[in-house]
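# Descriptive structure summary
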Amino acid sequence: MSERHSVRTMLTRLAKGATLPVATVLLFILVLWYAGAVKLNAPLVQDQYERAGRSSWAWSELVSDTMTMERPILPAPHQVLLELDRSVLQTAITSRRSLVYHAWVTLESALFGFALGTLLGIGLAIMIVHVASLQRALMPWIIASQTVPILAIAPMIVVVLGSLGLVGLLPKAIISAYLCFFPVTISMVKGLTSPEPIQLDLMRTYSASTTQTLRYLRLPASLPFLFAGLKVAISLAVVGAIVGELPTGAQAGLGARLLAGSYYGQTVQIWSALIMASILAGGCVGLIGGIQRGLNRRFGGAA
């Protein structure tokens, strides 16, 4: 009886937290993934049976063969995991066959672009908040900049910077910065204007200058908004770095890994690179969240 009660208590705690809902969604995705792999790969397997002169086969055999194809249309989850194990855990990180090596190359560009985009976004937000004419002049262009597909802009950025002799890390970082400055700008504008009018009146009562008001009131009030924007921006920076690797013909990076996989029809390699990119972006978002919680604890905010 006590064991049943302890199991029920554990399930109740899991249901109240995030573990059980996340695990349920993950299980649902895996079931759909396996079903999709069987559905999409079955025609190829059946074609192989016909070429081999086999007129009869069992469904269990068909399902098994769809899960072990060398170049499937949609690889099964366990195939992607095996590829990740081979290219992450069983390969030296200094090797070009290692996904860790390629992820590090992409991460360098993403972090550089993230830093540039963050500085640009914060600077634009401060100017927009303090100069009314800039809000009317800049905001429409900032919003319009995000309506142009990055796949159309990336080759132009690479070509223009290449003609100036700027190749390698910088073009990819600029593409990342182009993607990630927008959420930082918008969130900072919202954060810098979040103080109540009575708080601004109090600062004027103390004869605080514009710089002092920015430092002691607006910037502290904007931190929750800033970190919300940074979490979006860092994931976009990773996407921008990967996109930036595509038109450059890069030999390293997750984008280069995706290109190589598409050239040679290695769908398992493509999916493993995609999973690695999602892990990389998720880790970066988690790092930003950790920094936010640390600052909240440091300054007495809610962790």
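Described in the following lines is the structure provided in the data block. Keep in mind that this is a model prediction, so the values were computed, not measured. (Residues numbered from 1 in each chain as written. Predicted model: local features only at pLDDT ≥ 70, side-chain atom pairs only at ≥ 80, totals over all residues. Heavy atoms only, no water.)

On to the pattern of salt bridges, then. A complete count under the given rule lists 5 salt bridges for this structure. For R86, the salt bridge goes to E83, with nearest N and O atoms at 2.6 Å. Placement of both R86 and E83 in helix α4 (residues 77-89) is noted, with a separation of 3 residues, approximately one turn of the helix. Relative accessible area serves as the criterion here: at 35%, R86 is assigned to the partly exposed category. Given the relative accessible area of 12%, E83 is considered buried. (Salt bridge = Lys/Arg side-chain N within 4 Å of Asp/Glu carboxyl O. Helix = DSSP H or I, 4+ residues; strand = E, 2+ residues; numbered from the N terminus. Buried < 20%, exposed > 50% of the residue type's maximum accessible area, 1.4 Å probe, protein only.)

Another point: the layout of surface pockets. Estimated volume of the largest pocket: approximately 290 Å³. Listed by contribution, the elements that provide at least two residues to the lining of the largest pocket are α4, α11 (254-263) and α12 (267-298). The greatest single-element share of the lining of the largest pocket, amounting to 3 residues, is contributed by α11. Considered class by class, the residues forming the lining of the largest pocket number 3 nonpolar, 4 polar and 6 charged. (1 Å grid on protein atoms, 1.4 Å probe; cavity = no way out; pocket = protein on both sides within 12 Å on 5 of 7 lines; lining within 4 Å. Points joined across faces, edges and corners; volume = space filled by probe spheres on them. Nonpolar A, V, L, I, M, F, W, Y, C, P; charged D, E, K, R; others polar.)

We now examine the nonpolar core. In terms of nonpolar packing, the biggest core is built from 40 residues, with F114, L230 and L254 touching the most fellow members. When residues of this core are traced back to their parent elements, those giving at least two are α2 (19-51), α4, α5 (99-130), α6 (132-145), α8 (169-192), α10 (210-248), α11 and α12. Per-element accounting of this core gives the leading share, 10 residues, to α10. The next biggest cluster of nonpolar side chains, apart from the first, holds 10 residues, and it includes I153, I157, V158 and Y178. (Core = buried A, V, L, I, M, F, W, Y, C linked by side-chain atoms within 4.5 Å.)

The residue S176 is located in helix α8 in this model. In this structure, S176 is in contact with S109, A110, G113, A237, G240 and A241, ignoring residues within four places of it in sequence. (Contact = heavy atoms within 4.5 Å.)

Before going further, it helps to spend a moment on helix α7 (residues 150-163). Along its 14 residues, α7 runs 20 Å from first to last C-alpha, staying within 8% of the 20 Å computed at 1.5 Å per residue. Among the residues of α7, I150, I153, A154, I157, V158 and L161 are the ones counted as buried. Buried residues of α7, seen end-on, are gathered within an arc of 135° and therefore sit on one face of the element. The exposed set on the far side of α7, more than 90 degrees from its buried face, consists of V159 and S163. Just past α7, the residue G165 takes up positive phi, approximately 85°. (Expected span 1.5 Å × (residues − 1). Arc of directions from axis to C-beta.)

Let us now look at a nonpolar patch on the surface. Taken together, the side chains of V25, F28, I29 and L32 present a nonpolar region at the surface, about 390 Å² in accessible area. On the secondary structure map, F28 appears in helix α2. (Patch = residues over 30% accessible without salt bridge, like charges linked within 9 Å, V, L, I, M, F, W, Y side chains within 5 Å. Areas by Shrake-Rupley, 256 points an atom, 1.4 Å probe, with all protein chains shown as cover.)

Time to look at the side chain of S222. One can find S222 in helix α10. Polar contacts involving the side chain of S222 include one to the main-chain carbonyl oxygen of L219, which spans 2.7 Å. (Polar contact = N/O pair within 3.5 Å; in protein donor to acceptor, adjacent residues only side chain to side chain.)

Once that is clear, we can look at the state of the cysteines. Under the defined criterion, the tally for this structure stands at 0 disulfides. We note that C180 lacks a disulfide partner, and the nearest cysteine sulfur, in C284, lies 11 Å from it. Of the residues examined, C180 reaches a relative accessible area of 0% and is grouped as buried. (Disulfide = S-S within 2.5 Å.)

Here the focus is α5. Compared with an ideal rise of 1.5 Å per residue, which puts 32 residues at 46 Å, α5 spans 46 Å between its outermost C-alpha atoms and is within 8% of the ideal. Two or three places before V100, at the start of α5, stands the capping residue S98, its side-chain oxygen 3.2 Å from that residue's backbone nitrogen.

Considering all chains together, one arrives at 1 aromatic pair under this definition. Consider the rings of W33 and W271, whose centres lie 5.2 Å apart with planes at 40°: the pair is tilted. With W33 in helix α2 and W271 in helix α12, this residue pair connects regions lying 238 residues apart in the sequence. (Phe/Tyr/Trp six-rings, centres within 6.5 Å; stacked < 30°, edge-to-face > 60°.)

Our focus in this paragraph is the packing of α5 against α12. At a closest axis distance of 11 Å, the pairing of α5 and α12 adopts a crossing angle of 45°. The angle between α5 and α12 places the two elements in the oblique class. When the axes of α5 and α12 are compared, the crossing they make is right-handed. Mapping the contact onto sequence places L99, V100, A103, T106, L107 and F114 in α5 and S272, A273, M276, L280, C284 and I288 in α12. Of the residues assigned to the contact of α5 with α12, the class counts are 10 nonpolar, 2 polar and no charged. (Axes fitted to C-alpha atoms, helices over the stretch in contact; angles between N-to-C directions. Parallel < 35°, antiparallel > 145°, perpendicular 65-115°, else oblique. Left-handed = near helix turned anticlockwise from the far one by under 90°.)

Another point: the environment of V80. Within the secondary structure, V80 is located in helix α4. Accessibility expressed as a relative area gives 2% for V80, which makes it buried. When neighbours within four sequence positions are excluded, V80 is seen to be in contact with W33, P75, V268, W271, S272 and I275.

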